[in-house]
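Here are the chains, one letter per residue:
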Amino acid sequence: AEREGWSARSKAHKKRSFVQSVVNKYGSNAVFNQFTRLAIMLTFCFTGQNTSPILKMRFGDIRFTAKSNRKVYFDMAKARANYLSFDTTLGFHTKVQEFFHQWLAISTKLQKDSGSDWLFPYFTESGNAISYIDAGRSPQEPVNKLTKSLGLAHITASISRQTKIDTLMKVTEDLWVVSMSANNSISV
């Protein structure tokens, strides 16, 4: 606040924004939505996938396997590619799989009364769990409004995708692996 030269009024407004992001007129649903937003942001970072396929996922779209270094797979289709399925292999570290196991448990508990099975649910005022796509909401927008106040990076699926590809190239130095991870065709 000192570095940015915020006035007392500006500091109070920004502090109120953080409080309202967790406790507002929707009660616990706001907290549930905040958990979901943060899980989506982490998923963007882990997968490097675009927003829509991630937000359309249900519990049945995630698979865990013990082979190939305990990787995690998402069953997704890309609309822009004529609904072809694409590679979503995750698993450079067991922490990634632990995160998804824990998120599945949390997401299941959050939705237990709604009867839905969205991997990343959005909770309405009435407590119904729907997809972010159906809600017409952007999960990163509220997060970015808050992180901007702290001087942190602006996060989007495309930035996370680029970061994943850059990191993968540094780690593997293999153009083929990077291209397959980015779901590029052979001609690309």
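Residues numbered from 1 in each chain as written. Predicted model: local features only at pLDDT ≥ 70, side-chain atom pairs only at ≥ 80, totals over all residues. Heavy atoms only, no water.

How do you make sense of the overall build of the chain when you look at a structure like this?
In terms of helices and strands, the chain carries nine helices and six strands. Taking the intrachain contacts of the chain between residues at least 6 apart in sequence as the baseline, contacts between residues at least 24 apart amount to 52%. Element-wise, carbon and sulfur atoms account for 55% of the exposed surface of the chain, whose accessible area totals about 11,700 Å². (Helix = DSSP H or I, 4+ residues; strand = E, 2+ residues; numbered from the N terminus. Contact = heavy atoms within 4.5 Å. Areas by Shrake-Rupley, 256 points an atom, 1.4 Å probe, with all protein chains shown as cover.)

In this structure, what is going on with helix α2 (residues 28-47)? I would like to understand it.
Three or four residues apart is the spacing at which side chains of an α-helix point the same way, because the helix has 3.6 residues per turn. Helix length check: α2 (20 residues) gives 28 Å between terminal C-alpha atoms against 28 Å at 1.5 Å per residue, within 8%. Of all the positions in α2, only Asn29, Ala30, Asn33, Gln34, Thr36, Arg37, Ala39, Ile40, Met41, Thr43, Phe44 and Thr47 are classed as buried. (Expected span 1.5 Å × (residues − 1). Buried < 20%, exposed > 50% of the residue type's maximum accessible area, 1.4 Å probe, protein only.)

Teacher, can you tell me more about helix α5 (residues 94-110) here?
With 17 residues, α5 extends 24 Å from end C-alpha to end C-alpha; this agrees with the ideal 24 Å at 1.5 Å per step. Among the residues making up α5, those that are buried are Val96, Gln97, Phe99, Phe100, Trp103, Leu104, Ser107 and Leu110. Down the axis of α5, the buried set is contained in an arc of 150 degrees. They therefore lie on one face. Turned more than 90 degrees away from the buried face of α5 sit Lys95, Gln102 and Lys109, all of them exposed. (Arc of directions from axis to C-beta.)

Even after reading the chapter, I still don't get the packing of aromatic side chains, so can you show me in this structure?
Aromatic ring pairs: the centre-centre distance and the angle between the two ring planes describe each pair. In this structure the tally under the stated criterion is four aromatic pairs. Arranged with centres 5.4 Å apart and planes meeting at 65 degrees, the rings of phenylalanine 32 and phenylalanine 123 form a pair that is edge-to-face. Taken together, the positions of phenylalanine 32 in helix α2 and phenylalanine 123 in strand β5 (residues 121-123) put the pair 91 residues apart, joining distant regions of the chain. When the centroid spacing of 6.0 Å and the interplanar angle of 15 degrees are considered together, the rings of tryptophan 103 and phenylalanine 120 count as stacked. Here phenylalanine 120 lies in the loop between α5 and β5 and tryptophan 103 lies in helix α5, a separation of 17 residues in the sequence. Residue tryptophan 103 is classed as buried on the basis of its relative accessible area, which comes to 4%. According to the relative accessible area criterion, phenylalanine 120 is buried, its value standing at 0%. Lysine 14 extends its terminal NZ or CZ atom over the ring of tryptophan 6, reaching a point 5.0 Å from the ring centre. Stacked on the ring of tryptophan 118, the Lys or Arg arginine 58 has its end atom at 3.7 Å from the ring centre. (Phe/Tyr/Trp six-rings, centres within 6.5 Å; stacked < 30°, edge-to-face > 60°. Lys NZ or Arg CZ within 6 Å of the ring centre and 35° of its normal.)

Looking at this model, I keep getting lost on the nonpolar core. Mind explaining?
Here is a general trend for soluble globular proteins: nonpolar side chains tend to be buried in one another's company. Counting residues in hydrophobic clusters, the biggest one holds 21 residues, and the most contacted among them are Ile40, Trp103, Leu119 and Phe120. Listed by contribution, the elements that provide at least two residues to this core are α2, α3 (51-55), α5 and β5. Counting residues per element, this core draws most heavily on α5, at six residues. When residues no more than four places from it in sequence are discounted, the contact partners of phenylalanine 120 are Thr36, Ala39, Ile40, Thr43, Ile54, Met57, Trp103 and Tyr132. (Core = buried A, V, L, I, M, F, W, Y, C linked by side-chain atoms within 4.5 Å.)

Explanation requested: the side chain of asparagine 33 in the structure shown.
By secondary structure assignment, the location of asparagine 33 is in helix α2. For asparagine 33, the contacting residues outside a window of four places in its chain are Pro121, Tyr122, Phe123 and Tyr132.

Sorry, what's going on with the pattern of salt bridges here?
Opposite charge on two side chains allows them to pair when their charged atoms are near. The final tally for this structure, using the stated rule, is three salt bridges. With a shortest N-O distance of 3.7 Å, glutamate 4 and arginine 3 are connected by a salt bridge. Residues glutamate 4 and arginine 3 agree in their burial class; the two are exposed. (Salt bridge = Lys/Arg side-chain N within 4 Å of Asp/Glu carboxyl O.)

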